[in-house]
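Chains, contacts and geometry: an overview
Given next are the chains, with one letter for each unit.
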Amino acid sequence: MVNESITSLLEQEAEAVRNIPVTSGYEEAVSLIVKHVHDLGGKLIMSGMGKAGQIALNIATTFSSTGTPAFFLHPSEAQHGDLGIVRENDIMLLISNSGKTRELVELVDLTRGLVPDMKFIVITSNPDSPLAAEANVCLLTGAPKEVCPLGLTPTTSTTVMTVIGDILVVGTMKRIHFTNKDYAKRHHGGYLGSKSREQSKNEQQTSI
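Residues numbered from 1 in each chain as written. Predicted model: local features only at pLDDT ≥ 70, side-chain atom pairs only at ≥ 80, totals over all residues. Heavy atoms only, no water.

1. Describing the pattern of salt bridges
- All chains considered together, the criterion is met by 5 salt bridges.
- Arg102 is the partner of Glu103 in a salt bridge, and the nearest nitrogen-oxygen pair spans 3.2 Å.
- Assessed through its relative accessible area of 15%, Glu103 is described here as buried.
- Between Arg112 and Glu134 there is a salt bridge, and its shortest N-O distance comes to 2.4 Å. Taken together, the positions of Arg112 in helix H5 (residues 102-114) and Glu134 in helix H6 (residues 130-134) put the pair 22 residues apart, joining distant regions of the chain.
- The exposure class assigned to Arg112 is partly exposed, which follows from its relative accessible area of 27%.
- Through salt bridges that share partners, Arg102, Glu103 and Glu106 make up one connected network. (Salt bridge = Lys/Arg side-chain N within 4 Å of Asp/Glu carboxyl O. Buried < 20%, exposed > 50% of the residue type's maximum accessible area, 1.4 Å probe, protein only. Helix = DSSP H or I, 4+ residues; strand = E, 2+ residues; numbered from the N terminus.)

Next up, the structure:
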């Protein structure tokens, strides 16, 4: 690939991020997450299929590492017993570019059979989709065109999904006042563990 081609791809991805619709839905989603997980003692359950599922898994681990317990539930495995992880006071965040993913639509129905008042946050490109219709909060991606030359492979769409997840994580961290000390308790090894402990120590010395 020539540099001009790479630069063009970077510009397309960056433009997709800039075009993510900014709405009050982000504040509503963070409020729901804080209420169900931190006030009511539930957990955040993430789900998605295929590439979107991998993004959901990544977002779940990021939430967990920053003080908000989150789990990834595979929508197909949910139909074979894993749905048992769902309890009262939990909240679900579902990711589907089309908003029509069959396994996720079925997961909504199955979940409501177990916890009828479950709240759903949905990340999708399609505001008129079945999943968007089921959502308490729907966060739209802006429906960016994939940079894949076939226009098929999840590329740009998964980029914006990841960014939306980052926005929710950071918003939740700020709402729960997550500190370096809190971070250090969850990261015992590696560079991030040592850095968070150092920053926590510096904060304590500054406050004295």
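There's more to say after this.
2. Observations regarding the packing of helix H3 (residues 51-65) against helix H7 (residues 156-175)
- Two numbers describe how H3 lies on H7: the axes approach to 10 Å, and their chain directions differ by 20 degrees. When the axes of H3 and H7 are compared, the pair comes out roughly parallel. For the element pair H3 and H7, the recorded crossing hand is right-handed. For the pair H3 and H7, the contacting residues are Lys51, Ala52, Ile55, Asn58, Ile59, Thr62 and Phe63 in the first and Thr158, Met161, Thr162, Gly165, Leu168, Val169 and Thr172 in the second.
- The residue inventory of the contact of H3 with H7, partitioned by class, reads 7 nonpolar, 6 polar and 1 charged. (Axes fitted to C-alpha atoms, helices over the stretch in contact; angles between N-to-C directions. Parallel < 35°, antiparallel > 145°, perpendicular 65-115°, else oblique. Left-handed = near helix turned anticlockwise from the far one by under 90°. Contact = heavy atoms within 4.5 Å. Nonpolar A, V, L, I, M, F, W, Y, C, P; charged D, E, K, R; others polar.)

3. Regarding the pairing of strand E3 (residues 91-95)
- Judged by how many residues are buried, E3 sits mostly within the fold: 5 of 5 residues are covered.
- Residues Ile91, Leu93 and Ile95 point to one face of E3 and Met92 and Leu94 to the other, with burial holding for every one of them.
- Pairing geometry for strand E1 (residues 44-48) and E3, over 5 bridges, is parallel. Looking across to E3, one finds that Leu44 is bridged to Ile91. (Pairing = 2+ DSSP bridges.)

4. Considerations on the sheet that holds strand E4 (residues 119-124)
- Ordered in space as E2-E1-E3-E4-E5, the 5 strands form an open sheet in which the pairing is parallel. This sheet does not close on itself; its edge strands, each paired only once, are strand E2 (70-72) and strand E5 (137-140). Averaged over all neighbouring strand pairs, the angle between strand axes comes to 20 degrees, with direction disregarded.
- In terms of strand pairing, E1 meets E2 through 3 bridges, oriented parallel. Along E2, the bridge assignment pairs Met46 with Phe72.
- Along the sheet, H7 contacts E3, E4 and E5; its crossing angle with E5, the most-contacted strand, is approximately 130 degrees.

5. Quick notes on the side chain of Ser129
- Residue placement: Ser129 occurs in the loop between E4 and H6.
- In this structure the side chain of Ser129 is engaged in a polar contact, spanning 2.8 Å, whose partner is the backbone oxygen of Asn126.
- In terms of polar contacts, Ser129 uses its side chain to reach the backbone amide nitrogen of Ala132, at 3.3 Å.
- What Ser129 contacts, discounting residues up to four positions off in sequence, is Ser98, Gly99, Lys100 and Thr124. (Polar contact = N/O pair within 3.5 Å; in protein donor to acceptor, adjacent residues only side chain to side chain.)

Don't take any of this as a statement about function, it's just geometry.
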